[in-house]
Amino acid sequence: MKQMIAILALLMLQTSLLAKERPNVLLISIDDLNDWTGGLKGHPQARTPNLDRLAGQGTLFSNAHCQSPVCNPSRASLLTGRHPHTSGVYFLGPDLKDAPELSGLDTLPERFAKHGYSTLAAGKIFHRGDQRFFETYGGSFGGFGPRPEKKISQPHGHPLWDWGAFPEKDNQMPDFKIAKWAVDQLQSMPEKADKPFFMGVGFYRPHVPMFAPKKWFDLFPIDQIQLPLIQESDRDDLSDYAIALTNDKHVSPQHEWVKSAGQWEHAVQSYLASIAFADHCLGLVLDALEASPHRDNTIVVLFADHGFHLGEKQRWAKRSIWENGTRVPLIISAPGYPAKQRTSKTAPLLDNFPTRLEFAELPSDRHQEGRSLVPLMKDSETHWPHVALSSFGKGNYAVRSEHFRYIRYLDQSEELYDHREDPHEWKNLIDDPLYSETILKHRQFLPSKESPVLPGNSTGHQAYESASRFLESN
Ligand SMILES: [Ca+2]
Ligand SMILES: [Ca+2]
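Computed from a prediction, not measured in an experiment: that's the story for all the values here. Residue positions are counted from 1 within each chain, in the order its sequence is given. Ligands are numbered from 1 and chains lettered from A, in the order in which they are written. Side-chain atom pairs in this predicted model are given and counted only at pLDDT of 80 or more, local residue features only at pLDDT of at least 70, and totals for whole chains, interfaces and linings cover all residues.

1. Quick word on the overall build of the protein chain
1) Next: Counting its secondary structure elements, the protein chain contains 16 helices and 19 strands.
2) Next: Throughout, the radius of gyration refers to the C-alpha atoms, and the reference size of a globule is 2.2 Å times the residue count to the power 0.38. The globule rule puts the C-alpha radius of gyration for 474 residues at 23 Å, and the 22 Å found for the protein chain is close to it.
3) Next: Taken over the C-alpha atoms alone, the protein chain extends approximately 80 × 50 × 40 Å along its principal axes.
4) Next: Residues are defined as contacting one another if the C-beta atoms placed from their backbone atoms lie within 7 Å. A sequence separation of at least 24 residues applies to 72% of the contacts in the protein chain between residues at least 6 apart. The helix count covers DSSP runs of H or I at least four residues long, the strand count covers runs of E at least two residues long, and both are numbered beginning at the N terminus.

Okay, here's the thing in structure tokens:
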């Protein structure tokens, strides 16, 4: 008996030692941030010194893409490692716990908790209900933030759709409070804790309303704002279905309205200001990590959940499977891995789950639909024939490889873009015989099995249903 107790005690000691040696994980998300960052160069005026600093400490995946251009399905996919076409969670609803394919699965923080991590978060990591998935949840601190009594710029439409300088001070902003919460945690967490930590920090800007204090707007004088490059005839080579799917029944403003109301520059300024503010909040957290005893034993992962149009293809916001809708920042910094690294190999956000498991030396999970990105962090030029699949409703898919984007919609219309020559995706090459082999190759990545769309009444559901009127003629 004594011997058994001694063996047990030794085993427990070993387990706790192992746990202590494991790296901490800091998972940072930025809501609705497209490629307007210093590293991705989506807009020449984007000001993101702290994202750039983090990229300098690790690997910037310059060709990273969400699996769905909507918050809920993108995050559900990343946090469970399942594609939307596997789960049926294609749109803003249902909640991942109401999807039969996902309800019994560990989410990423739950998996880490099972393996001896303490898990904590504040802000928006999951689309909603973060407190269900973390042992400690600091709060949303007001989420999308305070709003003025009267809308500033867009009087009509969805209550969240507005932009302008508001409120007065940084400390009135939820993201600032979330950053302060994370700073407090990093400062108070002892160096020799019993368990490593998995901390989520989810920022809400630049998601609408695109509000930030005036000083962030002052960085981008309105008379110097550069509008996104667009081609007036860009939509002429798209199917009616593609245009309807990405415009009809959407809650975002119509591009014609934005232009005629003289708001285009102001909205671009507001997005840039919101990004600069979110980046500032990120900087507070990075400073605290660097000043803490955890700096050399913490993996930092930063992602945004999907892209955002600001007039490109004559449309606004998310909910498209073009480059503007799917390209996101993804940065991973890990102790012992190269710094200042950049790779243009394709990285789906879905790969985050298996990547985290490998870093923390937790058992791999063969049911994961992504793959670990660790080989790319060891050698950014390694052979990587993998693609990112993004969907917007069953039957609507984009396949993004290193150089191409191939799209096929439910009406069977298709698009192909060559990013080596056409970074704005202006020229649909689908009928160009020079690309027939490339098209065939990309078609092979379309899923052979698709879950039906789980019901809901979101903008995505409505747009998807509305666009279906074009199917009858085919
Ligand atoms: Ca989002
Ligand atoms: Ca075009």
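2. Remarks on the sheet that holds strand S9 (residues 298-304)
1) Next: Taken in spatial order, the eight strands of this open sheet run S5-S4-S7-S1-S9-S13-S2-S14, and their pairing is mixed. Edge positions in the sheet fall to strand S5 (136-137) and strand S14 (341-343), since each has one partner strand and no second.
2) Next: Summarising the sheet, strand S2 (residues 59-61) and S14 pair through three bridges and their orientation is parallel. Its bridge partner being in S14, Phe-61 is matched across the sheet by Thr-343.
3) Next: Contacting strand S4 (118-123) and strand S7 (197-203), helix H7 (residues 174-188) runs over the sheet at an angle of about 165° to S7. Two strands make a pair as long as DSSP finds a minimum of two bridges between them. For helices, the axis comes from a line fit to the C-alpha atoms of the stretch in contact; other axes are also lines fit to C-alpha atoms, and the angle between any two N-to-C directions lies between 0 and 180 degrees.

3. Some thoughts on the pairing of strand S18 (residues 404-408)
1) Next: Counted residue by residue, S18 has five buried out of five residues, so it is predominantly covered.
2) Next: Neither face of S18 is exposed, since Phe-404, Tyr-406 and Arg-408 on one face and Arg-405 and Ile-407 on the opposite face are all buried.
3) Next: One ladder, built from four bridges, connects strand S17 (residues 397-400) with S18; its direction is antiparallel. Paired with Arg-400 across the strands is Arg-405, a residue of S18.
4) Next: Hairpin connection between S17 and S18: a loop of three residues separates the two successive antiparallel strands.
5) Next: As consecutive antiparallel partners, S18 and strand S19 (residues 414-418) are separated by five residues, and within that stretch Gln-412 has a phi angle of approximately 75°, a positive value. Field definition: a residue is buried when 20 or more other C-beta atoms are found within 10 Å of its C-beta, exposed when 12 or fewer are, and partly exposed for counts in between, with C-beta atoms placed from the backbone.

4. Quick notes on the confidence of the model for the protein chain
When pLDDT is low, close inspection of the predicted coordinates is not appropriate.
1) Next: Per-residue confidence for the protein chain averages 95 on the pLDDT scale, and 95% of its residues sit at or above 70.
2) Next: Every residue carries a pLDDT, the predictor's confidence in it, which falls somewhere between 0 and 100. Throughout residues 12-20 the model reports pLDDT below 50, and contacts reaching past four residues in sequence, or to other chains, amount to five contacts.

5. What to know about the sheet that holds strand S16 (residues 388-391)
1) Next: Judged by pairing direction, the sheet is antiparallel, and its four strands sit side by side in the order S16-S17-S18-S19 without closing on themselves. If you trace the sheet from one side to the other, it starts and ends with S16 and S19, each paired once. This sheet shows a mean twist of 15° between the axes of neighbouring strands, independent of strand direction.
2) Next: Along the sheet face, helix H15 (residues 436-443) touches S17, S18 and S19 and points at about 65° away from the line of S18.

6. Topic: the environment of Glu-402
1) Next: Looking at where Glu-402 falls in the secondary structure, it is placed in the loop between S17 and S18.
2) Next: Sequence separation between Glu-402 and Ala-64 is 338 residues; the distance between their C-alpha atoms is 9.9 Å.
3) Next: The contacts of Glu-402, once residues within four sequence positions are left out, are Asn-63, Ser-344, Lys-345 and Thr-346.

7. Remarks on unusual backbone geometry
1) Next: In this structure, the amide linkage connecting Gly-93 to the following residue, Pro-94, adopts the cis form with an omega of 0°.
2) Next: Mapping Pro-94 onto the fold places it in the loop between helix H4 (84-87) and helix H5 (100-103).
3) Next: Residues Val-208 and Pro-209 are joined by a peptide bond in cis, for which omega reads 0°.
4) Next: Of note, Lys-41 is a non-glycine position whose phi angle comes to about 60°, a positive value.
5) Next: Mapped onto the fold, Lys-41 is located in the loop between strand S1 (24-30) and helix H2 (49-57).
6) Next: One non-glycine residue with positive phi stands out, namely Lys-340, at about 50°.
7) Next: Tracing the backbone through its elements, the reader meets Lys-340 in the loop between strand S13 (330-333) and S14.

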